[in-house]
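Next come the chains, spelled out residue by residue.
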Amino acid sequence: MTKHEVVIVGGGPTGLMLAGELALAGVDVAIVERRPNQDLAGSRAGGLHSRTIEVLDQRGIADRFLSEGQVAQVAGFGGVRFDISDFPTRHNYGLGLWQNHIERILAGWVAELAVPIHYGREVTGFAQDETGVDVELSDGGALRAEYLVGCDGGRSLVRKAAGIEFPGWDPTTSALIAQVEMAEQPPLGVHTNAFGIHSFGKLDYKILDGKVVYAEGGPVGVMVTEQHVGPATEPTLHDLSEALIAVCGTDYGIHSPIWISRFTDMTRQAASYRDRRVLLAGDAAHVHAPDGGQGLNTGVQDAVNLGWKLAQVLKRTSPESLLDTYHAECHPVAARVLRNTMASVALRRPDERTKAVGEIIAELLGMEEPRKRYAAMQSGLDVHYDVGEGHPLLGRRMPDLDLVTPAGLLRVFSLLHDARAVLLNLGEPGGIDITPWADRVQLIDATYTGTWELPALGAVTPPAAVLIRPDGYVAWVGDRTRLGLDDALTTWFGPPAAD
């Protein structure tokens, strides 16, 4: 039996991101992925939101994605597109990049960190005890881990085997998506009619002046809303033909499908993200309609929240109770995603009354304050964890400031490349001593003279010191005193080391 500290089930974006986070912390982690390799059949997520790009920037790998994707304004709600180019972030945009490329780039990063991926194997069951989890594999092999993390999608075997409830709502609508050859040229772009939304496009495209320009020839990507919620069985070319004829009056001579799949607006969330030594992240913990493109991005947020906490528990620097904060922080964030996607689906209904509501919503979102609030929500820039009351920075993402330090000009995000906590002292140099935590937290004396501004909230009072967690969120803000600092350090990074 092969032993690892952590076994991750599922090698999608969430699993890969979590593996990278754990590897940076020196954890022995392995991934079990049922696909024979990283190739991804079908179209999944189509890009990254601003906060996800920031998270990748915190690890020093954002440029790998930016060099291959299409920078664009991708945040939106209820059919209203948001422009976040005036937001206080280096990445005041989204990125158009298909999930297969996102996974390939993440897998390359994880390979550099020497994380083994067991391709072509499925987890068939597991049993946990007081010290770990025995994991059964489809090839008859077995793994032993101190912790098991299910990143294995909406039909998660890990979640089901752990007996974690998955309450929510059944689907009310479904759509077929496919990549097929067509004898006739369909009207490219997004269209609406009495049935709902349908679209045609190509995998190869560019975004010029805010508009999508598709390449000539090749297979066509199709998305078509079905008249009735489709069955749970795998869709066929005949199903796609029928749906297209119902909506468009023709199926454009579809043939030679490369892949066909179905998605719905089923909305569910795990009642708990943890059962003792088994944890859930990504779609295994929450599923919802794809409106707003928030699924992959929420999963990445799960991964960076969980990774450093799990690492500290494994290293025995923090008590196991630190893992309880994973559910406490991430469950409300995903619950809000479920709520806004349900609202967005409701606004997609084609009847005249719903259209009237949508027009009023569009008017409201055209106003400055609502635009900023909802754009920050959809792009992940307004995530707020409950770490206590006080300064507006508490529990929110740390801005990527240009700091003046004894080592020269440094960006805040560059200090997070190794996924290690940072205490930023912006007051008198040498004015703060954290020697008992020096093995876990890096102390940086710096100055910053610019404005402190948060998305949607605006300018905030400049702090004298900031404690930044490895995931980039602020755990403590100091004024001219260090009141509460020792408590914050102990809460998030374990008790002080003995003298």
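Given the structure is predicted, the values throughout are model-derived calculations rather than measurements.

Quick rundown of the sheet that holds strand S12 (residues 168-169)? Include the residues and the values.
Hydrogen bonds along the backbone pair up the strands of a sheet, which may run parallel or antiparallel. Read from one edge of the open sheet, 3 strands run S12-S20-S23, paired in antiparallel fashion. Lying at the two open borders of the sheet, with one neighbouring strand each, are S12 and strand S23 (286-287). Pairing between S12 and strand S20 (residues 267-269): 2 bridges, direction antiparallel. Across the sheet, residue Gly168 finds its bridge partner in S20, namely Arg268. Here helix H8 (residues 324-347) sits on the sheet in contact with S12, S20 and S23, set at roughly 175° to S20.

Before we move on, can you summarise the pairing of strand S13 (residues 174-182) with the specific residues and values?
Burial analysis of S13 places 8 of its 9 residues in the buried class, which makes it a mostly covered element. As judged from the 8 bridges shared by S13 and strand S19 (residues 254-264), these two strands associate in the antiparallel manner. From the neighbouring strand, Gln179 faces S19, where its bridge partner is Trp259. As judged from the 6 bridges shared by S13 and strand S18 (residues 220-225), these two strands associate in the antiparallel manner. Paired with Ile177 across the strands is Met223, a residue of S18.

Outline a nonpolar patch on the surface, supporting the account with residue identities and numerical values.
Taken together, the side chains of Ile360, Leu364 and Met367 make up a nonpolar region of the molecular surface, amounting to roughly 280 Å² of accessible area. Mapped onto the fold, Met367 is located in the loop between helix H9 (352-365) and helix H10 (368-378).

Got a sec to walk through the pairing of strand S15 (residues 196-201)? Specific residues and values, please.
Counting buried residues along S15, 5 of its 6 residues qualify, which places the element largely inside the surrounding structure. In terms of strand pairing, strand S14 (residues 189-193) meets S15 through 5 bridges, oriented antiparallel. Looking at S15, one finds that Val190 is bridged to Ser199. The loop that links S14 with its antiparallel partner S15 comprises 2 residues. One ladder, built from 4 bridges, connects S15 with S18; its direction is antiparallel. In the strand pairing of S18, His198 is matched with Val224.

About the criteria used
- Residues numbered from 1 in each chain as written.
- Predicted model: local features only at pLDDT ≥ 70, side-chain atom pairs only at ≥ 80, totals over all residues.
- Heavy atoms only, no water.
- Pairing = 2+ DSSP bridges.
- Helix = DSSP H or I, 4+ residues; strand = E, 2+ residues; numbered from the N terminus.
- Contact = heavy atoms within 4.5 Å.
- Axes fitted to C-alpha atoms, helices over the stretch in contact; angles between N-to-C directions.
- Buried < 20%, exposed > 50% of the residue type's maximum accessible area, 1.4 Å probe, protein only.
- Patch = residues over 30% accessible without salt bridge, like charges linked within 9 Å, V, L, I, M, F, W, Y side chains within 5 Å.
- Areas by Shrake-Rupley, 256 points an atom, 1.4 Å probe, with all protein chains shown as cover.
- Salt bridge = Lys/Arg side-chain N within 4 Å of Asp/Glu carboxyl O.

Geometric values such as these leave the question of function open.
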